[in-house]
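Geometric and topological summary
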Amino acid sequence: AALTAWVRAAGFDDLDERIVHLDGKRLRGSQGHQLPGVHLLAVYSSEVQAVVAQLAVTDTNEHKTALDVLKVLPLDGLILTADAAFTQRDVCAAIVAGGGHYVLPVKDNQPALKQNIAAGFERAFSPGRAIRAAGGGSGGREPRERARTRRAPADPDHDPAQ
């Protein structure tokens, strides 16, 4: 709900029309063991309930195929979702270069990225702003945010030179 509210606030009123999902699947053969299965990477639109782009995955590498499918998909104004396997710099860069946006998960197997994102949210988040944005607030007064510092009490047993 919070993500939807944020996306709508960014001007995406026709949200359902703009979201597409990137996912790969290995299909089983249709004639038992006589035909091998094929591995496909598809972009699906829930708005039209159809696959809007699809490529065969070669060498079992969905990442490389994602870069190829993003070249043929008109990304301008789209919001692309996918699983964490696609949370890669080059995939994100290709989406942005095409005029699109992305919402991708970050898991524990990318600890530095997860930590950097968390730090970015900590810097950007202000509980006071969140309360005001949610309709609560200061009763019409503009709140003052102050940074307060205190000097640590002197410790006779602690030598700061050590």
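All of these numbers come straight from a predicted model, not from anything done at the bench.

1. Re the confidence of the model for the protein
- Per-residue confidence for the protein averages 76 on the pLDDT scale, and 65% of its residues sit at or above 70.
- Across the protein, element-level confidence peaks in helix 4 (residues 89-97) with a mean pLDDT of 95 and bottoms out in helix 6 (residues 127-133) with 55.
- Overall, residues 138-156 carries pLDDT values under 50, and its contacts beyond four positions in sequence, including any with other chains, amount to four contacts.

2. Considerations on the pairing of strand 4 (residues 79-82)
- In terms of strand pairing, strand 1 (residues 19-27) meets strand 4 through four bridges, oriented parallel. Each residue of the ladder has a partner; that of V20, found in strand 4, is L80.
- Of the strand pairs in this sheet, strand 4 and strand 5 (residues 101-103) are connected by three bridges, and their pairing is parallel. Each residue of the ladder has a partner; that of T81, found in strand 5, is V103.
- Chirality of the crossover, the property in question, places the unit of strand 4, helix 4 and strand 5 among those that are right-handed.

3. Thoughts on the sheet that holds strand 2 (residues 38-45)
- One open sheet holds the five strands; their spatial order is 3-2-1-4-5, and the pairing between them is mixed. In this open sheet, the two edge strands, each paired with only one partner strand, are strand 3 (50-56) and strand 5. Ignoring which end each strand starts from, the neighbouring axes of this sheet average 30° apart.

4. Observations concerning the packing of helix 3 (residues 62-72) against helix 4
- Running from N to C, helix 3 and helix 4 point in directions that differ by 5°, and their axes come no closer than 10 Å. As summarised for this structure, helix 3 and helix 4 are arranged roughly parallel, according to the angle between their axes. Along its contact with helix 3, which presents H63, L67 and L70, the element helix 4 presents D90, V91, A94 and I95.
- A breakdown of the residues in the contact of helix 3 with helix 4 according to their chemical character gives five nonpolar, one polar and one charged.

5. Quick look at the pattern of salt bridges
- Within the structure shown, the criterion is met by three salt bridges.
- Between K25 and D23 there is a salt bridge, with its nearest N and O atoms 3.2 Å apart.
- The exposure class of D23 is partly exposed, given its relative accessible area of 30%.
- A salt bridge links D68 to K71; the shortest N-O distance between them is 3.8 Å. With D68 and K71 both in helix 3, this residue pair falls three residues apart, about one helical turn.
- What makes K71 exposed here is its relative accessible area of 67%.

Rules behind the numbers
Residues numbered from 1 in each chain as written. Predicted model: local features only at pLDDT ≥ 70, side-chain atom pairs only at ≥ 80, totals over all residues. Heavy atoms only, no water. pLDDT = per-residue confidence, 0-100. Helix = DSSP H or I, 4+ residues; strand = E, 2+ residues; numbered from the N terminus. Contact = heavy atoms within 4.5 Å. Pairing = 2+ DSSP bridges. Right-handed = clockwise from strand over helix to strand, strands pointing away. Axes fitted to C-alpha atoms, helices over the stretch in contact; angles between N-to-C directions. Parallel < 35°, antiparallel > 145°, perpendicular 65-115°, else oblique. Nonpolar A, V, L, I, M, F, W, Y, C, P; charged D, E, K, R; others polar. Salt bridge = Lys/Arg side-chain N within 4 Å of Asp/Glu carboxyl O. Buried < 20%, exposed > 50% of the residue type's maximum accessible area, 1.4 Å probe, protein only.

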